[in-house]
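Structural characterization, general
Each chain is listed here by its residues.
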Amino acid sequence: FQAKEPENINVIIKEKIEELYRTRNTVLNEIKKIKRKPLNEEETFNANIFVGKNGMRIIFEEMLDCEKSISLLAAEYQFKSLFGSYFEQWHKRRIAKKIKQRTILPRKFQATVKNRKYLEFKFVDNEYTNPTSTFIYGDNCVFIQWSEQPIAIHIQNKEIAVTHLNYFNMLWNL
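What counts, and at which threshold
- Residues numbered from 1 in each chain as written.
- Predicted model: local features only at pLDDT ≥ 70, side-chain atom pairs only at ≥ 80, totals over all residues.
- Heavy atoms only, no water.
- Core = buried A, V, L, I, M, F, W, Y, C linked by side-chain atoms within 4.5 Å.
- Buried < 20%, exposed > 50% of the residue type's maximum accessible area, 1.4 Å probe, protein only.
- Helix = DSSP H or I, 4+ residues; strand = E, 2+ residues; numbered from the N terminus.
- Contact = heavy atoms within 4.5 Å.
- Phe/Tyr/Trp six-rings, centres within 6.5 Å; stacked < 30°, edge-to-face > 60°.
- Lys NZ or Arg CZ within 6 Å of the ring centre and 35° of its normal.
- Disulfide = S-S within 2.5 Å.

1. Here we look at the nonpolar core
Counting residues in each nonpolar core, the largest one holds 28 residues, and the members touching the most others are F60, M63, F79, W90, L105, F135 and I144. Listing elements by their share of this core, those giving two or more residues are α2 (52-66), β2 (70-73), α3 (78-83), α4 (85-96), β4 (119-124), β5 (132-137) and β6 (140-145). A total of five residues in this core trace back to one element, the largest contributor, which is α2. Discounting chain neighbours no more than four positions away, the residues touching I144 are M56, F60, P131, T132, S133, F135, P150, I151 and A152. Formed by eight residues, the second largest nonpolar core is a distinct cluster that contains I136, C141, F143 and F168.

This is the structure we're talking about:
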């Protein structure tokens, strides 16, 4: 037995991290394959509940994976305040994927929003602010109740998504 230099442990750690990333990417690719399988008529509706910051992160990652335009009726600017730097990273990835986003926010945020590629804003009177945000993308609707421990209801159903997108478009076009 011969003792090695302590710095050599960094090499082992880097190898393990690379192995973990390869495994993660393999698993994520398999999940995408499963998601892409066509649904039969009995499976055209899916609903899930997500709780907490980790649950919200799963939803936001799924939005990017879907690669469809996002329509957002925002209650406040909670995504930014809850996630900080992840909010900026998420937008950079959305822009890189050329995912368009339309957002309706209370007027009180008009001076604080940052202009970004593929992002449009419209504003409503502050009196219409509520604690729940609605995200519509692809065949998905997500309703997030922002609180200390946020709760989201994710519904995957074409008819429900079209209905909420129609409501969104009505507000957008006022």
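2. Focus: the packing of aromatic side chains
Applying the stated criterion across every chain yields a total of six aromatic pairs. Measuring from ring centre to ring centre gives 5.9 Å for F60 and W90, while their planes differ by 80°; the resulting arrangement is edge-to-face. Placement of F60 in helix α2 and of W90 in helix α4 is noted, with a sequence separation of 30 residues between them. Of the two residues, F60 and W90, neither departs from the other in class, the shared state being buried. Each residue in the set F60, F83, Y86, W90 and F135 is aromatic and connected to the rest through ring pairs, giving one cluster. Seen from the ring of Y86, R57 lies directly overhead, with NZ or CZ sitting 3.9 Å from the centre.

3. So, the state of the cysteines
Summed over the entire model, instances satisfying the criterion amount to zero disulfides. Unpaired in this structure, C66 has its nearest cysteine sulfur neighbour in C141, at a distance of 11 Å. C66 gets classed as partly exposed once you look at its relative accessible area, which sits at 23%. Classification of C141 as buried rests on a relative accessible area of 0%.

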